[in-house]
Amino acid sequence: MTTDSPSYSQGLEGVPICESALSLVEGEAGRLTYRGYSIEDLTLPEATFEQTVALLFDGELPNGNRLSEMKDILRENRNIDPEIVELIRQIAKKTHPMFAMQAGIAMLGPKDNDFEIKVGSIRQRSLSLVAKVATVVGVIAQSLEDRPYEGPRDSESHAEMLLRMITGNETHPDGHVHTMDSLLTLQADHSAGNASTFTSRVVTSTKAEPEAVVSSAIGALSGPAHGGANEASLRLFIEIGDPDNAEQEIGKKLDDKFKIPGFGHRVYSVKDPRSKVIQRIADQIIQPGSKNDDYYKIALSVESVATERLGDRGLFPNVDLFSGCVFAAIGIPIDLFTPIFVAGRTLGWVANMEEQWESGNRIYRPTQIYTGEAHRPYSNIAQRD
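These notes cover the structure that comes with them. (Residues numbered from 1 in each chain as written. Predicted model: local features only at pLDDT ≥ 70, side-chain atom pairs only at ≥ 80, totals over all residues. Heavy atoms only, no water.)

## Let's talk about the packing of helix α10 (residues 229-240) against helix α13 (residues 291-310)
Thinking step 1. Orientation of α10 relative to α13, taken along the N-to-C sense of each, is 105°, at an axis distance of 9 Å. When the axes of α10 and α13 are compared, the pair comes out roughly perpendicular. Residue-level inspection shows Leu234, Phe237, Ile238 and Ile240 of α10 in contact with α13, the latter providing Tyr295, Ile298, Ala299 and Val302.
Thinking step 2. The residue makeup of the contact of α10 with α13, split by class, is eight nonpolar, no polar and no charged. (Axes fitted to C-alpha atoms, helices over the stretch in contact; angles between N-to-C directions. Helix = DSSP H or I, 4+ residues; strand = E, 2+ residues; numbered from the N terminus. Parallel < 35°, antiparallel > 145°, perpendicular 65-115°, else oblique. Contact = heavy atoms within 4.5 Å. Nonpolar A, V, L, I, M, F, W, Y, C, P; charged D, E, K, R; others polar.)

As structure tokens, then:
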């Protein structure tokens, strides 16, 4: 049967919004691939975030020369104008780090606003943003701790720079740099359908400047239903405190219909493959007997109890259940978990921005189903009850 009325899909469930060759999420199989390569392989010990940048932009894994070139490109584009650095530092003291991120990236935009005539610079602008967004995270971290600005150094990889600027440490324990590389790669892309990447596509379709695209996507990621679950999961573990109490406390929360942060996913009906990678890293990086080890044990209890109670509904751990424990283990303050998500996902946003332009960049203009009043006569104010 046909109808004149369009069908309505709440949350655009099941509605394709573009064609993309960047990443594939296979929810029933529990697989995530970038350009056909599994997320498990892209986070092996030799893998770096710079390799992931090259892969998403080039379509192929880089050889040694291309990887060195990509490292140089990111190094050359990290620095930010000192006046903007100071503005970001001031903003960071007055608002949430995610709002400071959004404002800081917007301030990187040019004085003009006509990207269509400059679209030939899209690759350079994209890579510049991947580089600079990480610096902005570091600027905010330093401001929050009243440390002086210590910017990027040519000797550092992308992950090393982020770790130093955030933690203030000049050297890093074994495995911490690789962990940061892996966290950035794990969060780099997750199909075009997630809320922030879809936002980046929509804003790109208006022919907006790249900085506006990324700033708007940060706004979407700031919502706790999208980017903040890693913070919320660790706060839950801190609240529970003692691993011996975890099973009972989680059981009570489930009885009260409490939504466990880091559990369940809109697409995955099995355990999130990124969660498995995070656990592999957690087993390597978390010190036994530490407070973070307690939190990790609580997370494992959450997985056990919640899976038993919710697994038959297709609800399993997502990337955020264990990632907070790993962030904390390498010295990242809890309020900076989601800004680091931004540093990784910026790569996906700008890669999607490029694809959007390559597709012809038709402006998004979906329809609606109107449920309001029909046409009514207007009455002047004296005639109204």
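Following the structure, the description resumes.
## Remarks on unusual backbone geometry
Thinking step 1. In this structure, Leu12 is a non-glycine residue whose phi angle is positive, near 55°.
Thinking step 2. The phi angle at Arg35 is positive, at roughly 50°, despite the residue not being glycine.
Thinking step 3. Topologically, Arg35 is positioned in the loop between β2 (31-34) and β3 (37-38).
Thinking step 4. We classify Arg35 as partly exposed; its relative accessible area is 26%. (Buried < 20%, exposed > 50% of the residue type's maximum accessible area, 1.4 Å probe, protein only.)

## A short note on helix α7 (residues 176-186)
Thinking step 1. Within α7, nine of the 11 residues are buried, which leaves it mostly tucked inside the rest of the structure.
Thinking step 2. Of the positions making up α7, those classed as buried are His176, Thr179, Met180, Asp181, Ser182, Leu183, Leu184, Thr185 and Leu186.
Thinking step 3. For α7, the secondary structure elements touched by its buried residues are β2, α1 (49-58), α6 (158-167), α12 (273-285), α14 (319-329) and α15 (337-358).

## Thoughts on the pairing of β2
Thinking step 1. Two elements, strand β1 (residues 23-26) and β2, share four bridges in a ladder whose sense is antiparallel. Within β2, the residue paired with Leu24 across the bridge is Thr33.
Thinking step 2. Adjacent in sequence and paired antiparallel, β1 and β2 are bridged by four residues, among which Gly30 carries a positive phi angle near 70°.
Thinking step 3. Sheet analysis places β2 next to β3, joined by two bridges and oriented antiparallel. The residue of β3 that forms the bridge with Tyr34 is Tyr37.
Thinking step 4. In this structure, the hairpin formed by β2 and β3 is closed by a connection of two residues, where Arg35 is found at a positive phi of approximately 50°. (Pairing = 2+ DSSP bridges.)

## A word on the sheet that holds β3
Thinking step 1. Read from one edge to the other, the open sheet built from three strands follows the order β1-β2-β3, with strand pairing classed as antiparallel. Each of the sheet's edge strands pairs with one partner strand only, and the pair in question is β1 and β3.

## Digging into the layout of surface pockets
Thinking step 1. In this structure, the largest pocket occupies an estimated 1500 Å³ of space.
Thinking step 2. Residue lining of the largest pocket: 48 residues in total, with Gly193, Asn194, Ala195, His265 and Arg266 positioned closest to the centre.
Thinking step 3. Among the secondary structure elements, those contributing two or more residues to the lining of the largest pocket are β1, α8 (195-205), α10, α14 and α15.
Thinking step 4. Here the element with the most residues in the lining of the largest pocket is α10; it accounts for four residues.
Thinking step 5. The residue makeup of the lining of the largest pocket, split by class, is 22 nonpolar, 17 polar and nine charged. (1 Å grid on protein atoms, 1.4 Å probe; cavity = no way out; pocket = protein on both sides within 12 Å on 5 of 7 lines; lining within 4 Å. Points joined across faces, edges and corners; volume = space filled by probe spheres on them.)

## Comments concerning the pattern of salt bridges
Thinking step 1. Taken as a whole, this structure holds 24 salt bridges when the rule is applied.
Thinking step 2. One salt bridge in this structure joins Glu69 and Arg66, with 2.7 Å as the shortest N-O distance. Taken together, the residues Glu69 and Arg66, both in helix α2 (residues 64-76) and three residues apart, mark about one turn of the helix.
Thinking step 3. The class for Glu69 is partly exposed, based on a relative accessible area of 41%.
Thinking step 4. The salt bridge partner of Glu303 is Lys271, with a shortest N-O separation of 2.6 Å. Taken together, the positions of Glu303 in helix α13 and Lys271 in the loop between α11 (246-255) and α12 put the pair 32 residues apart, joining distant regions of the chain.
Thinking step 5. Residue Lys271 is classed as buried on the basis of its relative accessible area, which comes to 18%.
Thinking step 6. Salt bridges linked by common partners bring Asp58, Arg66, Glu69, Arg123 and Glu354 together as one network. (Salt bridge = Lys/Arg side-chain N within 4 Å of Asp/Glu carboxyl O.)

Any functional reading would require information that these geometric values do not contain.
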